[in-house]
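# Topology and contacts: notes
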2 protein chains.
Amino acid sequence: MKQFWSESIRDLAPYVPGEQSNAANLVKLNTNENPYPPSPAVIEAMQRATDADLRLYPDPDSLELKRAIAEFHDIPLEWIFVGNSSDEVLAHAFLGLLKHPLPILAPDITYSFYPVYCALYGIERVAVPVDEQLRVRITDYQRPNGGIVLANPNAPTGIALSLDEIRALLSANTESVVLIDEAYVDFGAESALSLVGEFPNLLVVQTLSKSRSLAGLRVGFAIGQPSLIAALECVKGCFNSYPVDRLGNIGGAAAMRDREYFENTCARIVASREWLRERLVELGFEVLPSQTNFLFARHPAHAGAALHQALRARNILVRHFAKPRIDAFLRVTIGTDAQCQILVDALKEILG
Amino acid sequence: MKQFWSESIRDLAPYVPGEQSNAANLVKLNTNENPYPPSPAVIEAMQRATDADLRLYPDPDSLELKRAIAEFHDIPLEWIFVGNSSDEVLAHAFLGLLKHPLPILAPDITYSFYPVYCALYGIERVAVPVDEQLRVRITDYQRPNGGIVLANPNAPTGIALSLDEIRALLSANTESVVLIDEAYVDFGAESALSLVGEFPNLLVVQTLSKSRSLAGLRVGFAIGQPSLIAALECVKGCFNSYPVDRLGNIGGAAAMRDREYFENTCARIVASREWLRERLVELGFEVLPSQTNFLFARHPAHAGAALHQALRARNILVRHFAKPRIDAFLRVTIGTDAQCQILVDALKEILG
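Conventions adopted
Residues numbered from 1 in each chain as written. Chains lettered and ligands numbered in written order. Predicted model: local features only at pLDDT ≥ 70, side-chain atom pairs only at ≥ 80, totals over all residues. Heavy atoms only, no water. Axes fitted to C-alpha atoms, helices over the stretch in contact; angles between N-to-C directions. Helix = DSSP H or I, 4+ residues; strand = E, 2+ residues; numbered from the N terminus. Parallel < 35°, antiparallel > 145°, perpendicular 65-115°, else oblique. Left-handed = near helix turned anticlockwise from the far one by under 90°. Contact = heavy atoms within 4.5 Å. Least-squares fit on C-alpha atoms with pLDDT ≥ 70 in both. Domains from an automatic or database assignment. Salt bridge = Lys/Arg side-chain N within 4 Å of Asp/Glu carboxyl O. Polar contact = N/O pair within 3.5 Å; in protein donor to acceptor, adjacent residues only side chain to side chain. Nonpolar A, V, L, I, M, F, W, Y, C, P; charged D, E, K, R; others polar. Pairing = 2+ DSSP bridges. Buried area = accessible area lost by both parts, 1.4 Å probe. Buried < 20%, exposed > 50% of the residue type's maximum accessible area, 1.4 Å probe, protein only. Phe/Tyr/Trp six-rings, centres within 6.5 Å; stacked < 30°, edge-to-face > 60°. Lys NZ or Arg CZ within 6 Å of the ring centre and 35° of its normal. Expected span 1.5 Å × (residues − 1). Arc of directions from axis to C-beta.

## Comments concerning the packing of helix H1 (residues 40-49) of chain B against helix H7 (residues 246-257) of chain B
Residue and element names in this part refer to chain B. Remark: H1 packs on H7, axes separated minimally by 8 Å, with the N-to-C direction vectors making an angle of 155°. With respect to H7, the element H1 is oriented roughly antiparallel. Once H1 is placed against H7, the crossing between them reads as right-handed. Listed contacts from H7 to Ala41, Val42, Ala45, Met46 and Ala49 of H1 are Leu247, Ile250, Gly251, Ala254 and Ala255.

Have a look at this one:
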């Protein structure tokens, strides 16, 4: 079967994304999608751009999209790299900035794509255990390394580090890249963007998939000083000259420019999250403190896998990771208030 | 500047795409885009799909798009891999199928992204010289190798190998992958797709950028037996779970399904190509026999760089490669008949 495969890929185990289903009546709370549609300005701009010009290549530099990101974050254009989703941006960062003689450091419990990138590119990695409460302790990262990768807030725990902690980490680690993956930062955590000017080794990665309701469009970006951005541009230019298509450039820019819609939908999700959190606690769950659009929770009397299955049988999809330390937990994406209510009702039934 | 860069990317030289310009009044014949818009069915399907569902991830397996490709080519679904442009598909193929102890073989004059992929992934490459007429001689490829990569028709020459030649190559080379890059095949060459069932080491790569007028959407695909496709899926799954966005899946499928529009626009381009070819010959150009949507031509009395500049000054963009063996040539994309006429008039003026 693998006769013609390159030796280097024979033992790779790809990342497994959450189930994507088109089934009707499904309450889909398993892949951290936003329950609200993208901004009407996004839909309008994209529909207008769906025209004869699709015959032409997109702008390989995604200048309009970068301008919108620069304006939103009030940073220079030269600090921005964009890609076909933050997963692609992360992949380029691993290859271009994190492949060194020393191993990278990342938590044992975190986004499970990181070890996959390491295997793909032959990067050594030390899995640094999170503490008993599944929290990242930044003092554990003070040792020689080829780079440090932290999701903040972390996934799937939802727990955020403070800006002071990130600053302390950066102050103690100046010789290698610190990559902060802020996929979920807009739901209540503090971004490290304000530290980019100060630390030339800091790369912040964000995505439009979650807080901008655009998982279907595949747009992500990184922000760092020009030397780091140049490394990403170098890898991109050796891989695919036009990673972001015409509609990604246009829709992404429109999303970054509708600040009011973005802030409103994020606030609604945060409110729903706190409501759902209280209900889960009432039902006996232990719920980790989340600054994301999901909750990570376990029940003292019910196994995670069993709850996952029982919900599945009621057409409710949540995510369960059959992994050491976290297999008692469920990761529940915050849906609309109606969806959250359906989940609570189903759990009441299941728990009896 | 490169303090934090991985050692492996420090000496990389990215691929340089043709100039993308938004200037009005520009006759853009430099990046082999299709002069005709995508099928109206594509625009309609994409506009309909630009809706609230953009909040959801795309189908990571791109099943609808694969179905449309399978139907068009009358092949099994399991033979198809899709990606965010054929450049991405090629990148995955280089990493997953062409990285072996022996060097790969590719023509010295061909798509200049191939050497870039080799450098990116540490793949050794032997540049096999094309002959005096810039033709690929398949007998030159009968030596031990880690893979063979041929663009057919070749770029930037436009010259095609026959199906018999490809078959002979495959019959003589059964131990490594033969990748046939058919980006331009729909403008008159014979596809190697009919050989996939016979040769488990054949991978054919195609794109929707040229003959389907969708350079702006970024959709490409590979066709091969399941073992080769599994290698590409493995690399993709370690890189980005959802490379093709919702609109790429839907627009791509609609493009594959409108066979009549596709055949009509290809036929128009072929007719324009032959008309332009005759005019260029009348003007004294040597024009290589093209089976693509571009012509590769040189003038005995005028340097390629000078002609390129003189056309640029008249707002006509063509492509010139400042490279050994081909720097006398211009690569001219076939535009609309009106654009071809403007080019001919300008050349008449320049040549005096």
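## Here's the deal with the relation of the copies chain A and chain B
Under the fitted operation, chain A is carried onto chain B by 0.0 Å of movement along the axis and a turn of 180°, and the coordinates agree to an RMSD of 0.0 Å. Here the two chains are linked by the operation of a two-fold rotation axis. For chain A, the smallest separation between a C-alpha atom and the rotation axis is recorded for Gln47 of chain A, amounting to 2.8 Å. Residue by residue, 100% of the interface of chain A is reproduced at the interface of chain B, so both copies engage with the same surface.

## Considering the domain arrangement of chain A
Residue and element names in this part refer to chain A. As far as domains go, chain A holds domain 1 (18-37 + 260-351) and domain 2 (40-257). On a C-alpha basis, the centres of domain 1 and domain 2 stand 25 Å from each other. Between domain 1 and domain 2, the residue contacts involve 28 residues of the former and 29 residues of the latter. Summed over the shared surface of domain 1 and domain 2, the result is one salt bridge. The tally of links between domain 1 and domain 2 comes to nine residue pairs in polar contact (both at pLDDT 80 or more). Of all the elements in the fold, those that place two or more residues in the side of domain 1 that touches domain 2 are helix H8 (259-282), strand E10 (294-298) and strand E12 (329-333). Split into classes, the residues belonging to the side of domain 1 that touches domain 2 amount to 15 nonpolar, eight polar and five charged.

## Observations regarding the sheet that holds strand E9 (residues 286-287) of chain A
All names here are of chain A. With respect to topology, three strands assemble into an open sheet ordered E9-E10-E12, the strand pairing being antiparallel. Of all the strands in the sheet, just E9 and E12 have a single pairing partner and so form its edges. By the bridge criterion, five bridges tie E10 to E12 in an arrangement that is antiparallel. Bridge pairing in E12 links Phe294 to Thr333. Sheet contacts for H8: E9, E10 and E12; angle to E10, the most-contacted strand, approximately 10°.

## What about the interface of chain A and chain B?
Taken together, the contacts link 83 residues of chain A with 83 residues of chain B. Taken together, both faces of the contact between chain A and chain B bury some 6600 Å²; the carbon and sulfur share is 61%. Summed over the shared surface of chain A and chain B, the result is zero salt bridges. Joining chain A to chain B, the criterion identifies 49 residue pairs in polar contact (both at pLDDT 80 or more). Of all the elements in the fold, those that place two or more residues in the side of chain A that touches chain B are helix H1 (40-49), helix H3 (86-97), helix H4 (113-121), helix H6 (226-237) and helix H7 (246-257) of chain A.

## Some words on the side chain of Thr265 of chain A
Among the secondary structure elements, Thr265 of chain A is positioned in helix H8. Classification of Thr265 of chain A by relative accessible area gives buried; the value is 3%.

## With respect to the packing of aromatic side chains
All names here are of chain A. Evaluation of the coordinates by the stated rule reveals 23 aromatic pairs over all chains. Arranged with centres 6.0 Å apart and planes meeting at 25°, the rings of Phe94 and Tyr114 form a pair that is stacked. Taken together, the residues Phe94 in helix H3 and Tyr114 in helix H4 connect sequence positions 20 residues apart. The pair formed by Phe94 and Tyr114 is uniform in burial state, with each residue classed as buried. Relative to Tyr114, the ring of Tyr111 lies with its centre 5.4 Å away and its plane at 85°, an arrangement referred to as edge-to-face. Residue classification places Tyr114 among the buried positions, given a relative accessible area of 0%. In textbook terms, an aromatic cluster arises when at least three aromatic residues are bridged by ring pairs, as seen for Tyr15, Phe94, Tyr111, Phe113, Tyr114 and Tyr117. Geometry around Phe72 places Arg259 over its ring, the cationic atom sitting 4.0 Å from the centre.

## Section: the sheet that holds strand E4 (residues 125-128) of chain B
All names here are of chain B. Spatially, E2-E8-E7-E6-E5-E3-E4 is the arrangement adopted by the seven strands of the open sheet, whose pairing is mixed. Pairing within the sheet leaves two strands with one partner each, and these edge strands are strand E2 (80-83) and E4. In this sheet, adjacent strand axes meet at a mean angle of 20° when their direction is disregarded. Pairing of strand E5 (residues 147-151) with strand E6 (residues 178-181) involves four bridges; the strand directions are parallel. Within E6, the residue paired with Val149 across the bridge is Leu179.

## Brief notes about helix H10 (residues 337-351) of chain B
All names here are of chain B. The end-to-end C-alpha separation of H10 is 21 Å, in line with the 21 Å expected for 15 residues at 1.5 Å each. Among the residues of H10, Gln339, Cys340, Leu343, Val344, Ala346, Leu347, Ile350 and Leu351 are the ones counted as buried. Buried residues of H10, viewed axially, fall in a sector of 165°; they line one side. Counted as exposed and oriented over 90 degrees from the buried face of H10: Ala338 and Glu349. Among the structural elements, strand E1 (27-28), helix H8 (259-282), helix H9 (304-313), strand E11 (316-317) and strand E12 (329-333) are those in contact with the buried residues of H10.

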